[in-house]
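Residue strings, one per chain:
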There are 2 protein chains.
Amino acid sequence: MALINRLDTRSADFRQRLDRLLAYEASEDASIDRAVADILLDVRNRGDAAVLDYTRRFDRVDAAGIEALEIPLADCAAARDALPAAQRAALEAAAERVRAYHERQRAQTWTYTEADGTVLGQQVTPLDRVGLYVPGGKAAYPSSLLMNALPAKVAGVAEVVMVTPTPGGVRNPLVLAAAAIAGVDRAIAIGGAQAVGALAYGTAYIPAVDKIVGPGNAYVAAAKRRVYGTVGIDMIAGPSEILVICDGATPPDWIAMDLFSQAEHDEMAQAILLCPDAAFLDQVEQAIARLLPTMPRADIIGASLSSRGALIQVADLFEACDIANRIAPEHLEISTDEPERWAGLIRHAGAIFMGRNTSEALGDYCAGPNHVLPTARTARFSSPLGVYDFQKRSSLIHVSDAGAQTLGRIASALAHGEGLPAHARSAEYRLKP
Amino acid sequence: MALINRLDTRSADFRQRLDRLLAYEASEDASIDRAVADILLDVRNRGDAAVLDYTRRFDRVDAAGIEALEIPLADCAAARDALPAAQRAALEAAAERVRAYHERQRAQTWTYTEADGTVLGQQVTPLDRVGLYVPGGKAAYPSSLLMNALPAKVAGVAEVVMVTPTPGGVRNPLVLAAAAIAGVDRAIAIGGAQAVGALAYGTAYIPAVDKIVGPGNAYVAAAKRRVYGTVGIDMIAGPSEILVICDGATPPDWIAMDLFSQAEHDEMAQAILLCPDAAFLDQVEQAIARLLPTMPRADIIGASLSSRGALIQVADLFEACDIANRIAPEHLEISTDEPERWAGLIRHAGAIFMGRNTSEALGDYCAGPNHVLPTARTARFSSPLGVYDFQKRSSLIHVSDAGAQTLGRIASALAHGEGLPAHARSAEYRLKP
């Protein structure tokens, strides 16, 4: 198998090969879904007792009562204080930058008054309470906790309740430290579908939330899908993706490493480079061959690049932007001169990293924007996680006496047209004779 | 059975009775879901041929080819021109007001530059193409077409593709007229799960869209749920709801008719009044008894009020606001003096209608705000349909030379902490020695 796929837009079968490369269907496992349905029903019926049972079974934590699974905030603060100074400073600096960026996303209530005194507007309010799922074990990323919790806090959510499984009772100190830095309000050592159910329906001990966010395994994803409607949920993320557009003047090693930084997440991750310069593509391929053996996660990177990665020769940077819009990537690096010029041609991307300095890794951790981004072409219709996901709007309508006369006549005419006479009459009651 | 339920917050069983009244579970019919899955798969595999077959079978329209199901825009314009003058004027006035309100929702791209020259921001772009489902038959509401299409057009969506079933080949002239007024770009006479599938996957003739919005029957709802992820969808709406808070000084007939205007939609619709004045609740009950027999849709209204409606006596308007927040109603009327004061206490509601003049019917048709609103308590975490549903955001990051030095060190520290060495190295490559 080749190290990485090579494509050329001039080939007759280019479209077909690209489509095959991009194809990704979230597999929904029926047996997982059935198991999750049973767990959710049980949590709904038996509450804390069910949560305790599943925690005993799946996490091997035998708690005397549900209260014993509460992680005191003091423990989180202690974990933060115990961090090596450099790591604490890095986490706090990242949190500060993420907070500052997200503060610019906060929407405000607005109203306006029409000539006849009628007032219209939109009231913006935060969600009351949000559940934050944080995976246990290897996939426990403190940066991900910051990216999910901070927008909620900036939105003004009064209570962010974190749940995180602690297999064998082992608590991850980095996660606890990040919870303290993000200002999480409660932390409970439960996970899996049982934690999602407890947050969605509420139990005697665990409060029902209004929305559940955060990554998780297939069980957590299935549970979130099932409780959607009872609570809000964030996107169910697919494998991570990077698309790099390069003019051929960035050091090939940099580009190779940027592709690696996505590929190292997961064998299903996708890393693609678009460049008009065939010689540069060769150089990047050589850099990949040279650097890959030096990487600790070489197996994952190699599998990702050979199955789903590609170096694609394009006619020019205009064509590169067209293809980027077709792919609608989660992460788009524009490693060229005047990157703003090309960014202006991009209609669909989760995040756009401009210039040769802006490696995607900077955005993952600390540039400020969120790293929870739409995957699998959903950037065509969705956005990065943001403060707007933790605020909602209520329309405001205060019709004046005069307004009731003009609007009442319009509403009455339309309501009669739609065969809804009570609508018509309730408007007509407000008409002055 | 009583005309309408009476509750009192001082009763010991109030909470329990209220919860029972509010209980609503969207029933998901497994046989409908299976049928829909088959139709979607068939449309995906056979494209236009499958769409034609289902249209023949379900709508009894035997088209020679898929092109014959295109509704020319000229036909829509002709339907508009053929409207009675008063009805056309009412529809156009409503459209103009809805457009003006929604223009205030349009988000703009923003950026800011940090001290070291790093640029951060958010690029806002419209969706490329949106599918708009418009039901056929009795539930074809031109006002609903305006409310779904106009926010998309205001957002800048280049192509709004309407689909609408035409059982027996009968096209609804009001729907066609509304399509012309809203500026729909294409109209195709197909419906059901086959139309949803065609829009989601695309066929040789029907272009794939990025998002599908608009109401529909159980088959349409199941199809939308299934294609979610391939395309965006709007909310799946539950039965309509109104909650009225009244101080007892609005004419009881007005309040009764406002409750009717929600109840006439559907036997499962919910109409509730909160008032501290027991005598006023009696007057409203008498008005209901007197007015109900005069209503053309008395059967539906009666069924809705007796099963899901309620007159609730509260201690005061503060308690009324607490209960409103618990109910998180789709429509909330505050029929009191100084309604803004009480609206400020409301955290969860789809739309807030303030003052004795502002009957909910005005908002349904022509006040300006959208009438597609969150139902079934989802106002706790979601918003009215708006321009924001047809725009999406891409994060913008352009790190300066100096920024790459500070951010690179932070990212490197955090990436090593998370065991992601390619992330760390791609940041470190940008560090100057």
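About the cut-offs
- Residues numbered from 1 in each chain as written.
- Chains lettered and ligands numbered in written order.
- Predicted model: local features only at pLDDT ≥ 70, side-chain atom pairs only at ≥ 80, totals over all residues.
- Heavy atoms only, no water.
- Pairing = 2+ DSSP bridges.
- Helix = DSSP H or I, 4+ residues; strand = E, 2+ residues; numbered from the N terminus.
- Least-squares fit on C-alpha atoms with pLDDT ≥ 70 in both.
- Contact = heavy atoms within 4.5 Å.
- Buried area = accessible area lost by both parts, 1.4 Å probe.
- Salt bridge = Lys/Arg side-chain N within 4 Å of Asp/Glu carboxyl O.
- Polar contact = N/O pair within 3.5 Å; in protein donor to acceptor, adjacent residues only side chain to side chain.
- Phe/Tyr/Trp six-rings, centres within 6.5 Å; stacked < 30°, edge-to-face > 60°.
- Buried < 20%, exposed > 50% of the residue type's maximum accessible area, 1.4 Å probe, protein only.
- Lys NZ or Arg CZ within 6 Å of the ring centre and 35° of its normal.
- Axes fitted to C-alpha atoms, helices over the stretch in contact; angles between N-to-C directions.
- Domains from an automatic or database assignment.
- pLDDT = per-residue confidence, 0-100.
- Core = buried A, V, L, I, M, F, W, Y, C linked by side-chain atoms within 4.5 Å.
- UniProt positions renumbered as here; feature names shortened; annotations may be inferred.
- Parallel < 35°, antiparallel > 145°, perpendicular 65-115°, else oblique.
- Left-handed = near helix turned anticlockwise from the far one by under 90°.

Caption draft 1: The arrangement of the sheet that holds strand E6 (residues 159-163) of chain B in detail. If you walk across this open sheet you meet the 6 strands as E2-E7-E6-E5-E8-E9 (chain B), and the pairing is mixed. Taken across any chain shown, the strands that pair with only one partner, and hence form the sheet edges, are strand E2 (70-71) and strand E9 (232-233) of chain B.

Caption draft 2: Just the relation of the copies chain B and chain A, in detail. In the superposition of chain B on chain A (RMSD 0.0 Å, axial shift 0.0 Å), the rotation amounts to 180°. Taken together, the rotation angle and the small translation identify this as a two-fold axis. Looking at the interface residues of chain B, 100% of them are also at the interface in chain A, so both copies use one shared face.

Caption draft 3: Focus on the interface of chain B and chain A. With 110 residues of chain B at the contact, the number on the chain A side is 110 residues. Taking both sides of the interface into account, the surface hidden between chain B and chain A amounts to around 9,800 Å²; carbon and sulfur atoms contribute 57%. Where chain B touches chain A, the interface holds 8 salt bridges. With a shortest N-O distance of 2.6 Å, Arg97(A) and Glu114(B) are connected by a salt bridge. Counting across the interface, chain B meets chain A through 64 residue pairs in polar contact (both at pLDDT 80 or more).

Caption draft 4: Here's a closer look at the packing of aromatic side chains. A full pass over the atoms with the stated rule returns 10 aromatic pairs over all chains. On the basis of an interplanar angle of 45° and a centroid distance of 5.4 Å, the ring pair of Tyr101(A) and Trp110(B) is categorised as tilted. Here Tyr101(A), found in helix H5 (residues 85-103), pairs with Trp110(B), found in strand E3 (residues 110-113), and the two come from separate chains. For Tyr101(A), a relative accessible area of 1% translates into the label buried. Each ring, one from Trp110(A) and one from Tyr112(A), has its centre 6.2 Å from the other, and the planes form 20°; the classification is stacked. Across the pair, Tyr112(A) and Trp110(A) agree in class, each one buried. Taken together, the aromatic side chains of Tyr101(A), Trp110(B) and Tyr112(B) make up a single cluster linked through ring pairs. Directly above the ring of Tyr112(B) sits Arg104(A), whose terminal nitrogen or CZ lies 3.5 Å from the centroid.

Caption draft 5: Fine view of the sheet that holds strand E8 (residues 211-213) of chain A. Residue and element names in this part refer to chain A. Spatial ordering of the open sheet is given by E2-E7-E6-E5-E8-E9, a layout of 6 strands whose pairing is mixed. The open sheet terminates on both sides in strands that have one partner only, identified here as strand E2 (70-71) and strand E9 (232-233). Relative to E8, strand E5 (residues 129-133) runs parallel, the two being bridged by 3 bridges. Residue Val 130 lies in a different strand from E8, and its bridge partner there is Lys 211. Against the sheet, helix H8 (residues 192-201) contacts E5, strand E6 (159-163) and E8, and its axis sits at roughly 175° relative to E5.

Caption draft 6: Structural context of the domain arrangement of chain A. Residue and element names in this part refer to chain A. We note that the domain assignment places domain 1 (5-24 + 239-367), domain 2 (30-233) and domain 3 (399-428) within chain A. Domain 1 puts 5 residues into the contact, and the matching count from domain 2 is 4 residues. Between domain 1 and domain 2 the total buried area reaches about 440 Å² when both faces are included, carbon and sulfur atoms providing 49% of it. On the domain 1 side of the contact with domain 2, Tyr 365, Cys 366 and Ala 367 bury the most area, a combined 72% of that side's loss. Applying the counting criterion to the domain 1 and domain 2 interface returns 0 salt bridges.

Caption draft 7: Expanded view of the confidence of the model for chain A. Summarising the model, chain A shows a mean pLDDT of 96, and 99% of its residues fall at 70 or more. Complex prediction metrics read pTM 0.96 and ipTM 0.96.

Caption draft 8: Main features of the pairing of strand E4 (residues 119-126) of chain A. Residues and elements named next belong to chain A. Of all 8 residues making up E4, 7 are buried, and the element is well covered by its neighbours. With 4 bridges joining them, strand E3 (residues 110-113) and E4 adopt antiparallel strand pairing. Counted as the bridge partner of Thr 113 is Val 119 from E4. Between E3 and E4, which pair antiparallel in sequence order, lie 5 residues; one of them, Gly 117, sits at a positive phi of approximately 95°. The pairing of E4 with strand E15 (residues 391-398) spans 8 bridges and is classified as antiparallel. If you follow Val 119 over to E15, its bridge partner there is His 398.

Caption draft 9: Representation of the side chain of Asp42(A) within the structure. Here Asp42(A) lies in helix H2 (residues 30-46). For Asp42(A), a relative accessible area of 17% gives the class buried.

Caption draft 10: Inspection of helix H13 (residues 317-327) of chain A at higher detail. For H13(A), every residue scored as buried is listed here: Leu317(A), Ala320(A), Cys321(A), Ile323(A), Ala324(A), Asn325(A) and Ile327(A). Buried residues in H13(A) make contact with helix H1 (14-22), strand E10 (241-246), strand E11 (270-275), strand E13 (331-335) and helix H14 (339-343) of chain A.

Caption draft 11: Main features of the nonpolar core. The biggest cluster of nonpolar side chains holds 64 residues, and the ones touching the most others in it are Leu132(B), Leu145(B), Leu146(B), Met162(B), Val184(B) and Phe390(B). Apart from residues no more than four positions distant in its own chain, Val184(B) is found in contact with Leu73(B), Leu132(B), Leu145(B), Ala149(B), Val160(B), Met162(B) and Ala179(B). In terms of nonpolar packing, the next biggest core, distinct from the first, is built from 63 residues, Leu145(A), Ala155(A), Phe390(A) and Ala424(B) among them.

Caption draft 12: Here's a closer look at the UniProt feature "binding site: substrate" (unreviewed entry) in chain A. Residues and elements named next belong to chain A. Per the UniProt entry, the sites bearing "binding site: substrate" (unreviewed entry) are Ser 240, Gln 262, His 265, His 331, Asp 364, Glu 418 and His 423 in this numbering. Spanning 184 residues, the named residues are also spread out in space, since their farthest C-alpha pair is 55.8 Å apart. As for its placement among the helices and strands, Ser 240 is situated in the loop between E9 and E10. Here Gln 262 shows up in helix H10 (residues 252-263). In this structure Gln 262 comes out as buried when scored by relative accessible area, which is 0%. In this structure Gln 262 touches Ser 240, Glu 241, Ile 242, Ala 269, Gln 270, Glu 330, His 331 and Glu 360, once residues within four positions along its chain are discounted.

Caption draft 13: Region of interest: the packing of helix H1 (residues 14-22) of chain B against helix H13 (residues 317-327) of chain B. All names here are of chain B. Running from N to C, H1 and H13 cross one another at 40°; their axes reach a closest spacing of 12 Å. In terms of their interaxial angle, H1 and H13 are classed as oblique. As for how H1 packs across H13, the hand of that crossing is right-handed. Contact residues: Phe 14, Arg 15, Leu 18, Asp 19 and Leu 22 in H1; Ile 323, Arg 326 and Ile 327 in H13.

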